[in-house]
Amino acid sequence: MSLNKNILGLIFANMHEDVVPELTRQRTMGSVLFGGRYRMIDFVLSSMTNSGVDEVGVVTKSNYQSLLDHLGSGREWDMARKIGGLHLLPPFSDVSSGIYRGRLEALYGISNFIRASAAEYVIMSDCDVVTSFDYDAIFDAHVKSGADITAVYARANLTMEDASHSNVFGIDADGRVNNVLINPVLSGECNIALNTYVISKKLLMEIIADGAAKGHYSFAKTILQDRCGEFKIVGYKHEGYFSKITSIKSYYDANMALLDLDKRSKLFLDTNPIYTKIRDNPPAKFAIGAKVKNSIIADGCIIEGTVENSILFRGVKVGKDAVIRNAIVMQDSVIGRKCTIDSVITDKKVTITDGKILTGSANYPVYIGKNAEI
Amino acid sequence: MYTKKECVAMLLAGGQGSRLYALTQDMAKPAVPYGGKYRIIDFPLSNCVNSGIDTVGVLTQYQPLVLNDYIGNGQPWDLDKQYGGAHCLPPYQTALGAEWYKGTANAIYQNIAFVDRYSPEYVIILSGDHIYKMDYNDMIQYHKEKGADATIAVLDVPLEEASRFGIMITNDEGDIVDFEEKPKNPRSTLASMGIYVFTWSKLRQYLIDNENNPDEDKDFGKAIIPNMLNAKEKLVAYAFDGYWKDVGTLDSLWEANMDILNPNIPIDLYDPDWKMYSRNPVLPPQYIGENANVENSMVAEGCIIDGNIDFSVIFEGVTIEKGATVTDSIIMPGSVIKEGACVEYAIVGENSTIGAGAHIGARPEAVENRDDWGIAVIGHNVNIEGGRVVGPKDMVPDIRKK
């Protein structure tokens, strides 16, 4: 590992938005809120910071106002740099780019940016996985194996539902990817693609040019699947804790998993702090009569009622005698007095007026859209 | 070209805060944690920014490491500016030699060149010892309206407390006609808050004259203000009636923290129109466990709480294990309260550990003789072994120091 990493990071902020259409109606996948104070992009972007990948392009397509607000100059991730740093890459940034259909086409749209980078290698990640990546180790493995492409995967159980929004790798005894299934119909233990790849800039530029010439747009289909015999694609098994978001249900479960202290400690590693935008909220305040059990509470909350098995984002207010159970309450929402909400996801700035009762169920949490007043 | 600044703030942050004992062993008083996520200096700094003052010299001297590190380039307070912003100003060496800041006035005197860079009309002198929210802009406007040479912010204090303060005697117009430092028989109840607005050209000359007079104290209260009064300069009192607390002693630091928990005391940290800024830690949100009972308290990010908390202020990254009880106390960042430990009426410094079953402090009613009672204090980086009892009023400093 050298001090000068020579790696360009690329984060695709819009990919996989279709898995949580409610949450991405007004934002990118990268700016979906997670875990009490984060946005999905914080996990990959912080991992890049912590692995010394200090030149990063964030590729966006649409709905990116909240993403731009969140990232700003990239200062919170130590990415406001003179050399390298954070680059936001909206569509139409040059004449060849526009609304892309897949990763390959998106890469073509930013090919001038990639070409201008001095980096020899490129690491690509999406925003649908909550984990702490060790890009250092992934990169070292890439160089050591002499792979054309290193594809990161995790070994875990998939349900039919998860699999229909995932790619699955077949991996041979030498660790090479010999088969790629895109959104397959299957379930059980398998090698789930974490949509994270390492590739040399030289090969990437060739692939992009070739794809553009032939009108290809999907990286997974035309590169990984169709050409896995031709390219040396090596799997890298990610051993750390992860959650992959494939549906609103899995989003809900991935949030709730943080109530497990063991999982929390595996996601929030001392060696890989997760950075996010600062809001300067005061600490959370617990009033007389507050009863909070097994919950995550962010800064700026004022709690006068009961909160159990829930996740409260920054600046949430819970009124007197209100009861919140099994819920995700996003920032600046206000839950009135004597409300009862159970198995509910409220988006940002939702107001539930006094005395309301809202109940979903663990396999189908009720979602309440941004700024709604009930 | 750069435009000049109308007002520059000079923040006196070099105080040792010796009456905070173990808490200021290795940090200056303005760097002492307060209010769950702040340090004392966040209050004057945030007040400056909220008042539209974007140029602040922070005068440091005693144990500046923590403070310099904390202020950095001033970015958390929006004080990282191309022109202006926050600057730490430690004492320095010149061709004539090097000297420490010999007093509040001398500290400003030694930094005349810093203030002159911005050629301000006014200078506001602040200290890093107080908790309050104040619009300095209103005070500067008052100074202008009155055509004053110096304006001193005053608080109306109860008569029995007046002898602890510098007391201003004013006429009907609010002009200061006399000044007494900690008078035995106070003639007024208007106490100086240690906040001064000066017309810079005036102050500059008084600082130079003061420096050139070897017989004088190099201090605002002892020399500059009396000298200006004697010379019949126009000094006015600016009355402030909000919350203001000097946190110079362990008791007052403890009280000021408890004040935040009291809804009847007007120090609202949640006011979106007067935000308090601080350097934020990078930590996940707090987790409150199955066995926890938390009421009447503030708890910051990164905490893992499975014990009982009542009437307490818990800073970031604190762990309170199952069966531990914290009441009427302040636990500073990164400390751990182990299983079954009891902390009451106490201040626990940063990164300290209270062992399982240990007992720190006591309730006032548990002590027979009221004079034997006081806040128990555990310094920073102290390890209290399991089962140990630290009585009320006791203090356990970091033994690696001194």
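Residues numbered from 1 in each chain as written. Chains lettered and ligands numbered in written order. Predicted model: local features only at pLDDT ≥ 70, side-chain atom pairs only at ≥ 80, totals over all residues. Heavy atoms only, no water.

Colleague: Is there a simple way to think about the sheet that holds strand β18 (residues 306-308) of chain A in this case?
Modeller: In a beta sheet, neighbouring strands pair by backbone hydrogen bonds and run either parallel or antiparallel. Residues and elements named next belong to chain A. One open sheet accounts for five strands, arranged β15-β18-β21-β24-β27; its pairing is parallel. Edge positions in the sheet fall to β15 (291-293) and β27 (357-359), since each has one partner strand and no second. Mean inter-strand twist for the sheet, computed between neighbouring axes without regard to direction, equals 5 degrees. Of the pairings in the sheet, the one linking β15 to β18 comprises three bridges and is parallel in character. Bridged to Lys293 within β18 is Glu308. (Pairing = 2+ DSSP bridges. Helix = DSSP H or I, 4+ residues; strand = E, 2+ residues; numbered from the N terminus. Axes fitted to C-alpha atoms, helices over the stretch in contact; angles between N-to-C directions.)

Colleague: Quick question: what am I supposed to make of the domain arrangement of chain A here?
Modeller: Buried accessible area, meaning the area lost when the parts come together, often serves as the stated size of an interface. All names here are of chain A. According to the domain assignment, chain A contains domain 1 (4-267) and domain 2 (285-368). Averaged C-alpha coordinates put domain 1 and domain 2 at centres separated by 32 Å. Contacts between the two partners involve 19 residues from domain 1 and, on the opposite side, 23 residues from domain 2. Both faces combined, the contact of domain 1 with domain 2 buries some 1,700 Å², and carbon together with sulfur accounts for 68% of it. Broken down residue by residue, the surface that domain 1 buries against domain 2 is led by Gly36, Tyr252 and Leu259, which jointly contribute 34%. Inspection of the domain 1/domain 2 interface yields one salt bridge. Summed over the shared surface of domain 1 and domain 2, the number is five residue pairs in polar contact (both at pLDDT 80 or more). Mapped onto the side of domain 1 that touches domain 2, the elements with two or more residues apiece are β2 (33-34), β3 (38-39) and α9 (248-256). Counting residues per element, the side of domain 1 that touches domain 2 draws most heavily on α9, which supplies six residues. Split by residue class, the side of domain 1 that touches domain 2 holds ten nonpolar, three polar and six charged. (Domains from an automatic or database assignment. Contact = heavy atoms within 4.5 Å. Buried area = accessible area lost by both parts, 1.4 Å probe. Salt bridge = Lys/Arg side-chain N within 4 Å of Asp/Glu carboxyl O. Polar contact = N/O pair within 3.5 Å; in protein donor to acceptor, adjacent residues only side chain to side chain. Nonpolar A, V, L, I, M, F, W, Y, C, P; charged D, E, K, R; others polar.)

Colleague: Explain the nonpolar core here, please?
Modeller: Considering soluble globular proteins, one finds that nonpolar side chains tend to be buried as a cluster. Core analysis: the largest hydrophobic core is formed by 75 residues, its most contacted members being B:Met134, B:Ile195 and B:Ile347. Looking at this core, the element that brings in the most residues is helix α8 (residues 250-261) of chain B, giving seven residues. Apart from the residues within four sequence positions on either side, B:Met134 is in contact with B:Asn47, B:Ser51, B:Met139, B:Ala153, B:Met193, B:Ile195, B:Tyr238, B:Phe240 and B:Trp274. Counting 66 residues, the second largest nonpolar core, distinct from the first, contains A:Tyr135, A:Tyr236, A:Met256 and A:Ile345. (Core = buried A, V, L, I, M, F, W, Y, C linked by side-chain atoms within 4.5 Å. Buried < 20%, exposed > 50% of the residue type's maximum accessible area, 1.4 Å probe, protein only.)

Colleague: Just to check I follow, could you spell out the pairing of strand β1 (residues 7-12) of chain B for this structure?
Modeller: In summary, the side chains of a regular strand alternate between the two faces of the sheet. All names here are of chain B. Of all the six residues making up β1, six are buried; the element is thus mostly covered by neighbouring parts of the structure. Residues of β1 alternate between two faces, with Cys7, Ala9 and Leu11 on one and Val8, Met10 and Leu12 on the opposite face, all of them buried. Pairing between β1 and strand β8 (residues 122-127): six bridges, direction parallel. The residue of β8 that forms the bridge with Met10 is Ile125. By the bridge criterion, four bridges tie β1 to strand β4 (residues 55-59) in an arrangement that is parallel. Bridging across to β4, Leu12 finds its partner in Leu59.

Colleague: Looking at this structure, how should I read the environment of B:Ala191?
Modeller: All names here are of chain B. In this fold, Ala191 is placed in strand β13 (residues 190-199). Of the residues examined, Ala191 reaches a relative accessible area of 2% and is grouped as buried. Spatially, the C-alpha atom of Ala191 lies 8.8 Å from that of Arg164, the residues being 27 residues apart in sequence. Excluding residues that lie within four positions of it along the chain, Ala191 makes contacts with Ala153, Val154, Leu155, Val157, Phe165, Gly166 and Ile167.

Colleague: So what exactly am I meant to see when it comes to the packing of helix α6 (residues 200-212) of chain B against helix α7 (residues 220-230) of chain B here?
Modeller: Helices that pack against each other are described as a pair by the angle of their axes relative to one another and the distance between those axes. Residues and elements named next belong to chain B. Their axes nearest at 10 Å, the elements α6 and α7 cross at an angle of 120 degrees. Between α6 and α7, the interaxial angle falls into the category oblique. By crossing handedness, the relation of α6 to α7 is classed as right-handed. Contacts between α6 and α7 pair Leu203, Tyr206, Leu207 and Asn210 from the former with Phe220, Ala223, Ile224, Asn227 and Met228 from the latter. Residue classes in the contact of α6 with α7 are distributed as seven nonpolar, two polar and no charged. (Parallel < 35°, antiparallel > 145°, perpendicular 65-115°, else oblique. Left-handed = near helix turned anticlockwise from the far one by under 90°.)

Colleague: How do you make sense of the confidence of the model for chain B when you look at a structure like this?
Modeller: Atomic detail in the predicted coordinates should be set aside for any region of low pLDDT. Confidence along chain B averages 93 in pLDDT terms, with 99% of residues attaining 70 or more. If you check the scores for this complex, the pTM reads 0.92 and the ipTM reads 0.91. (pLDDT = per-residue confidence, 0-100.)

Colleague: Would you take a moment to explain the interface of chain B and chain A for this structure?
Modeller: With 38 residues of chain B in contact, the opposing surface of chain A contributes 37 residues. For the pair chain B and chain A, the summed buried area comes to about 3,000 Å², and 51% of that belongs to carbon and sulfur atoms. Three residues stand out in chain B for area buried against chain A, namely B:Tyr270, B:Pro285 and B:Tyr287, and they jointly supply 23% of the buried area on that side. Between the two partners, chain B and chain A, sit two salt bridges. We note a salt bridge from A:Asp299 to B:Lys37, for which the minimum N-O separation is 3.7 Å.

Colleague: Would you take a moment to explain the pattern of salt bridges for this structure?
Modeller: Once their charged atoms are close, side chains differing in charge can pair, the charge on each being opposite to the other. All told, the structure shown has 36 salt bridges over all chains when counted by the stated rule. Here B:Lys102 ties to B:Glu99 by a salt bridge, and the two come within 3.2 Å at their closest N and O atoms. Given a relative accessible area of 45%, B:Lys102 falls into the partly exposed group. Relative accessible area serves as the criterion here: at 35%, B:Glu99 is assigned to the partly exposed category. Ionic contacts of the salt-bridge type, sharing partners, join the residues A:Asp210, A:Lys214, A:Arg227 and A:Glu230 into one network.

Colleague: Mind showing me how you'd approach the pairing of strand β11 (residues 188-200) of chain A here?
Modeller: Residues and elements named next belong to chain A. The buried fraction of β11 is high, at ten of 13 residues. Pairing geometry for strand β6 (residues 121-126) and β11, over four bridges, is antiparallel. Bridged to Ile123 within β11 is Val198. In this structure, strand β8 (residues 149-158) lies alongside β11, joined through ten bridges in antiparallel fashion. Residue pairing in the sheet places Ala154 in a bridge with Ile192 of β11. Here two bridges tie strand β9 (residues 167-171) to β11, and the two strands are oriented antiparallel to one another. Paired with Val168 across the bridge in β11 is Ile192.

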